[in-house]
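Breakdown of the fold
Take a look at the letters that make up each chain.
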Amino acid sequence: RLPEAISLRVADAQGRVRYGPGLDAKATINVADREYFQRQRKFSGNDLVIARPLFARISKEWSIPVSRRISGPDGSFAGVVYVNTSISHLYKTFANLELGRHGSVSLFNPELEIFARYPEPEGMGNVAGKKIAAEQLQTLLSEGHAAATYRAKSMRADAMYTYSYRKLSNHPLYVVASLA
């Protein structure tokens, strides 16, 4: 029912994936080394964690993991439930935007790390995790602006661009669009 969801899985307190599609009964998949798992194990709340993009071990696709902690009756860490959100789905969604021949759109976190970008100049997943090097954007975010529009010279081309960004409500993510 959710085309952007590659999978819904459950991992136990040791990180072993116990439930979800695509599991091979003979192979043990462990996610204890993944950022989302470590963050959920560290904190005792029930916060939604949107972690950095990764190449999923089971589906073999670039994805953005979204997770919640599972706590035992005594509040101890019992594992995580997580959804791998498809970066290719985001890419296709972004491709439907009319941004002109040289326009682009990116999803990024407060650290300016790219989660998804269209067009992606280096191929699917190759810009995931790279930082946006835009001084004006950094300044606006550090001043606490949740949304803004500004003009700047593009690093990719010798031309002026208009950039507009907005923080997604209730999530630690931003979307920025640029028009030549």
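It should be noted that the structure appears before, not after, this text.
Notes on the structure follow. (Residues numbered from 1 in each chain as written. Predicted model: local features only at pLDDT ≥ 70, side-chain atom pairs only at ≥ 80, totals over all residues. Heavy atoms only, no water.)

**Some words on the nonpolar core**
To keep it simple, the criterion reads: In plain words, nonpolar cores are sets of buried Ala, Val, Leu, Ile, Met, Phe, Trp, Tyr and Cys residues tied together by side-chain atoms within 4.5 Å. Partly exposed residues are those whose accessible area sits between 20% and 50% of the maximum for their type, while under 20% is buried and over 50% is exposed, using a 1.4 Å probe and protein chains only. Two residues qualify as a contact provided that any one of their heavy atoms is within 4.5 Å of a heavy atom in the partner residue.
Ranked by size, the top nonpolar core spans 17 residues in total, and within it Phe-108, Ile-132, Leu-137, Leu-141, Tyr-150 and Tyr-165 carry the most contacts. With residues near it in sequence (within four places) discarded, Ile-132 still touches Phe-108, Leu-112, Ile-114, Leu-137 and Gln-138. Grouped together as the second largest cluster of nonpolar side chains are 13 residues, Ala-32, Val-49, Ala-51 and Val-80 included.

**Notes on the pairing of strand β8 (residues 114-118)**
Put simply, the test is: Secondary structure counts use DSSP, requiring at least four H or I residues in a row for a helix and at least two E residues in a row for a strand, with both numbered from the N terminus. We treat two strands as partners when DSSP finds at least two bridges between them.
The element β8 is largely enclosed, with a buried count of 4 among its 5 residues. The pairing of strand β7 (residues 104-108) with β8 spans 4 bridges and is classified as antiparallel. Counterpart to Leu-107 in the pairing with β8 is Ala-116. The turn joining β7 and β8, which pair antiparallel and follow one another in sequence, is formed by 5 residues; a positive phi near 65° is taken by Leu-112.

**Some points on the sheet that holds strand β10 (residues 160-167)**
Applied cut-off: In this analysis an axis means a line fitted to C-alpha atoms, helices contributing only their contacting stretch, and an angle means the value between N-to-C directions, from 0 to 180 degrees.
The strand order β8-β7-β11-β10-β9 describes an open sheet built from 5 strands, whose pairing is antiparallel. Two strands close off the open sheet at either side, each with one partner strand: β8 and β9 (147-153). Recorded for the sheet is a direction-independent mean angle of 20° between the axes of neighbouring strands. Against the sheet, helix α2 (residues 87-95) makes contact with β7 and β8, and its axis sits at roughly 40° relative to β8, the strand it touches most. Packed onto the sheet, helix α3 (residues 135-142) meets β7, β9, β10 and β11 (174-179) and runs at close to 155° relative to β9.

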